[in-house]
Amino acid sequence: MIIHNLKQGSQEWLDFRLTKLTASEACIAKGISSYMGRNSLLEAKKLGKFPEVTKSEQHLFDQGHKAEASARSIAEEILACDLYPVTGSLDVEGLPLSASFDGITLENDIVWEHKLSNQTLRANLELDIIPEEYKYQLEQQLLVSGATKALFMASDGTRENCLYTMYESEPQIRSNLIESWKQFQKDLEEFKPRERVEVLTGHKTDLPAVVYNINGTEISTNLAECIDKVRDLANTEMNKILETDQDFANKDQLNKDIKKARASLKEIV
């Protein structure tokens, strides 16, 4: 195994992953991931970039990293040895495989993989079962590192909610792993990313605000002035020739702004 001096989560680490077939992507290449489709991975590898992480996804990642950091000492107690995070790679039958280990022993004989606990994982680990999609990640970790077994753990970082089991290499899983990556590479050569359609956003329209004042039985308002301004704006827009996609987007946004203004006016009345 070749060790790479990369901080997991850094931009250098992310760039490195795009050039490799990573352990966490093994189940995606196999087509059994519950988080990402195979075509999405093909597209990311072809374009050299992954979609931006959403706020909800980032929140889950942050929770996972926090739980992993807390669970490390639990894993070290179970194995009675220290664990070190590391990124490694190994070419196997022409496949540029890599793995980013949550932890590995100094002797490289045992690896540790931690997952944020959820209902499905708990139900499986209570029966000492590792879901198939995770077996492919663990198998690649063993293949890249040369380790003999992996400690697979799911927790929220606490001992009360920590479940784990050991995984040892399964010949059929390893064979399937290599074959699925070989097929993935072939498909990647011929893959054509989808043509992305740019979604245009219309420019917001600054409509005049209606104000009023009630003094006894007298009501003063700028409603007449606002109506004149809106009428002038409508006449201008009605006579405008729509030529570009942005023009149509602006017109659509204007219609939405006027509809919203009407609704607000009704509330005032």
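What you see is a predicted model, and the numbers here were worked out from it, not measured in a lab.

How should I be thinking about the overall build of the protein chain in this particular structure?
For the protein chain, the helix and strand inventory stands at nine helices and nine strands. Evaluated residue by residue, the protein chain yields a buried proportion of 36% over its 269 residues. Long-range contacts, defined as pairs at least 24 residues apart, comprise 69% of the intrachain contacts of the protein chain with a sequence gap of at least 6. Split by element, the accessible area of the protein chain, about 17,000 Å² in all, is 51% carbon and sulfur.

What should I look at first to understand a nonpolar patch on the surface in this one?
A contiguous nonpolar surface patch, about 280 Å² in accessible area, is contributed by V53, L60 and F61. By the element assignment, V53 lies in the loop between α3 (38-47) and α4 (55-79).

What exactly am I supposed to notice about the pairing of strand β5 (residues 110-116) here?
Where a strand is regular, its side chains alternate between the two sheet faces. With six of seven residues buried, β5 is to be regarded as a mostly interior element. Pairing of strand β4 (residues 95-104) with β5, which is carried by two bridges, proceeds in the antiparallel orientation. Following the sheet pairing, G103 is matched in β5 by W112. Hairpin remark: β4 followed by β5, antiparallel, with five residues in the connecting loop; positive phi at N108, about 60 degrees. In this structure, β5 lies alongside strand β6 (residues 149-155), joined through seven bridges in parallel fashion. Bridged to L116 within β6 is S155.

Would you mind showing me how to read unusual backbone geometry here?
Outside of glycine, negative phi angles account for most residues, and trans bonds account for most peptide bonds. Even without a glycine there, the phi angle at E93 is positive, about 55 degrees. Here E93 shows up in the loop between β3 (84-92) and β4. Given a relative accessible area of 54%, E93 falls into the exposed group. The phi dihedral of N108 falls on the positive side, at around 60 degrees, and the residue is not glycine. Among the secondary structure elements, N108 is positioned in the loop between β4 and β5. Under the relative-accessibility criterion, N108 is labelled partly exposed at 28%.

What is the right way to read the nonpolar core from this model?
General note: in soluble globular proteins, nonpolar side chains tend to be found buried as a group. Residues L97, V111, F152, Y167, W181 and F184 are the most contacted members of the largest nonpolar core, which totals 37 residues. Broken down by secondary-structure element, the contributors of at least two residues to this core are α2 (26-30), α3, β3, β4, α5 (119-125), α6 (132-145), β6 and α7 (171-190). When neighbours within four sequence positions are excluded, F152 is seen to be in contact with E113, K115, L121, L125, I130, Y134, L138, L163, Y164 and T165. Core analysis: the next-biggest nonpolar cluster, separate from the first, contains 10 residues, A71, A75, L83 and C162 among them.

Help me understand the pattern of salt bridges, please; the structure alone is not making it clear to me.
When the charged atoms of two side chains with opposite charge come close together, those side chains can pair. Considering all chains together, one arrives at eight salt bridges under this definition. In this structure, the salt-bridge partner of E77 is R159, at a minimum N-O distance of 2.8 Å. Linking E77 in helix α4 with R159 in the loop between β6 and β7 (162-168), this pair joins segments that are 82 residues apart in sequence. According to the relative accessible area criterion, R159 is partly exposed, its value standing at 49%. Here K115 and E113 are joined by a salt bridge, their closest N and O atoms 3.1 Å apart. Like K115, the residue E113 is buried in the burial classification.

Explain the layout of surface pockets to me, please; I cannot follow it from the model alone.
Think of a ball as big as a water molecule: rolled over the atoms, this probe shows where empty space is left. Its volume calculated, the largest pocket comes out at about 2,000 Å³. Those elements giving two or more residues to the lining of the largest pocket turn out to be α1 (11-18), α2, α3, α4, β4, β5 and α6. Of all the elements, α4 adds the most residues to the lining of the largest pocket, at nine residues. Among the residues forming the lining of the largest pocket, the class breakdown is 20 nonpolar, 15 polar and 12 charged.

Explain the pairing of β4 to me, please; I cannot follow it from the model alone.
In terms of burial, β4 is a largely internal element, 10 of the 10 residues being buried. As paired strands, strand β2 (residues 21-22) and β4 are joined by two bridges and run parallel to one another. The partner of T22 across the bridge, within β4, is S98. Alignment of β3 against β4, held across eight bridges, turns out to be antiparallel. Paired with S89 across the two strands is S98, which belongs to β4. Linkage of β3 to β4, two consecutive antiparallel strands, is achieved through a turn of two residues, within which E93 is found at a positive phi near 55 degrees.

About the thresholds
- Residues numbered from 1 in each chain as written.
- Predicted model: local features only at pLDDT ≥ 70, side-chain atom pairs only at ≥ 80, totals over all residues.
- Heavy atoms only, no water.
- Helix = DSSP H or I, 4+ residues; strand = E, 2+ residues; numbered from the N terminus.
- Buried < 20%, exposed > 50% of the residue type's maximum accessible area, 1.4 Å probe, protein only.
- Contact = heavy atoms within 4.5 Å.
- Areas by Shrake-Rupley, 256 points an atom, 1.4 Å probe, with all protein chains shown as cover.
- Patch = residues over 30% accessible without salt bridge, like charges linked within 9 Å, V, L, I, M, F, W, Y side chains within 5 Å.
- Salt bridge = Lys/Arg side-chain N within 4 Å of Asp/Glu carboxyl O.
- Pairing = 2+ DSSP bridges.
- Core = buried A, V, L, I, M, F, W, Y, C linked by side-chain atoms within 4.5 Å.
- 1 Å grid on protein atoms, 1.4 Å probe; cavity = no way out; pocket = protein on both sides within 12 Å on 5 of 7 lines; lining within 4 Å.
- Points joined across faces, edges and corners; volume = space filled by probe spheres on them.
- Nonpolar A, V, L, I, M, F, W, Y, C, P; charged D, E, K, R; others polar.

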